[in-house]
Amino acid sequence: MNEQGPARPVRAHARRNREKLVAAALEEFTRTGKDVPLDSIAKAAGVGIGTLYRHFPTRDALVLAAYEHEVDQVCADAADLLATLAPDRALREFMGRLAGLLVTKQHMSEALRSGGTEGSYAKVYDIVDTLFAAGVAAGTLRSDMETADVVRAMGGLLRLDAAGDWKGQADRQIRLLMDGLQTGTPARAEGHGPER
């Protein structure tokens, strides 16, 4: 008998429980805020509170896992953007989706500051690097800039007012940034509103 046999289903079961917990946490955090009772999250995931604590020993660990899952999704979608849009348009769309994520997860900010988000930052940086390099290669984005310059300029997306017109704020910031990055075609010519 293979002693490793029983371990594999247990690992798969544990992985499914973790995925269910992250999905339930995302829904509850988005709807209620990060202070939602953890037993509510466990119940929504269909597991016991002990299972939740085995995977996430602290609330902050669960918040961070939920945030990282969202970043992973936004980053995973970037490959499709680049396959279907011109690189500069793909970069613009990625920034817009990232802005939406940052705004909807602002209530998690304390936990995110206390936890390590370096992995998420690295993923975003890599996606911006890929999209920006594709735009430079296509001749639509400036070659005298570096990815780090673009990422630093995107920092304004962290300061969007979730209680105000954050979509309008994000659009203006992204348009300003893209106007500065593009080699010739103004962003307004691509259907992003009149010149202001």
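The coordinates are above.
Residues numbered from 1 in each chain as written. Predicted model: local features only at pLDDT ≥ 70, side-chain atom pairs only at ≥ 80, totals over all residues. Heavy atoms only, no water.

Peer 1: Sorry, what's going on with the overall build of the protein here?
Peer 2: Counting its secondary structure elements, the protein contains nine helices and zero strands. Seen in sequence order, the protein has helices and strands lined up from the N terminus as α-α-α-α-α-α-α-α-α. The buried share of the protein, reckoned over its 196 residues, is 39%. Intrachain contacts of the protein at a sequence separation of at least 6 include 66% that bridge at least 24 residues. About 10,900 Å² of surface is accessible on the protein, with carbon and sulfur atoms providing 52% of the total. (Helix = DSSP H or I, 4+ residues; strand = E, 2+ residues; numbered from the N terminus. Buried < 20%, exposed > 50% of the residue type's maximum accessible area, 1.4 Å probe, protein only. Contact = heavy atoms within 4.5 Å. Areas by Shrake-Rupley, 256 points an atom, 1.4 Å probe, with all protein chains shown as cover.)

Peer 1: When you look at the environment of Met154 in this model, what are you seeing that I'm missing?
Peer 2: Take Met154: it is sitting in the loop between α8 (147-153) and α9 (166-181). For Met154, a relative accessible area of 6% translates into the label buried. With 55 residues separating them in the primary sequence, Met154 and Ala99 have C-alpha atoms 9.3 Å apart. Those residues in contact with Met154 that lie beyond four places of it in its chain are Met95, Leu98, Val128 and Leu177.

Peer 1: Looking at this structure, I do not really get the side chain of Thr51. What am I missing?
Peer 2: Summarising the element assignment, Thr51 is placed in helix α3 (residues 49-55). Overall, the relative accessible area of 13% leaves Thr51 in the buried class. Setting aside chain neighbours within four positions, we find Thr51 in contact with Asn17 and Leu21.

Peer 1: I keep staring at helix α2 (residues 38-45) and nothing clicks. Help me out?
Peer 2: Those residues of α2 not exposed but buried are Leu38, Ile41, Ala42 and Ala45. Along α2, the residues classed as buried sweep out an arc of 100 degrees about the axis, all on the same side. Gly46 sits one or two residues past α2 and shows a positive phi near 80 degrees. (Arc of directions from axis to C-beta.)

Peer 1: Even after reading the chapter, I still don't get the environment of Gly100, so can you show me in this structure?
Peer 2: Within the secondary structure layout, Gly100 lies in helix α5 (residues 87-104). Of the residues examined, Gly100 reaches a relative accessible area of 14% and is grouped as buried.

Peer 1: I tried to follow the packing of α5 against α9 on my own but got confused; where do I start?
Peer 2: Geometrically, a packed helix pair is captured by the angle between its two axes and the distance between the axes. Taken N-terminus to C-terminus, the directions of α5 and α9 make an angle of 150 degrees; their axes are 10 Å apart at the nearest point. The way α5 lies across α9 gives a crossing that is right-handed. Of the residues in α9, those in contact with Asp88, Leu91, Arg92, Met95, Gly96, Ala99, Gly100 and Val103 of α5 are Trp166, Ala170, Ile174, Arg175, Leu177, Met178 and Leu181. (Axes fitted to C-alpha atoms, helices over the stretch in contact; angles between N-to-C directions. Left-handed = near helix turned anticlockwise from the far one by under 90°.)

The quantities given are spatial measurements derived from coordinates; they are silent on function.
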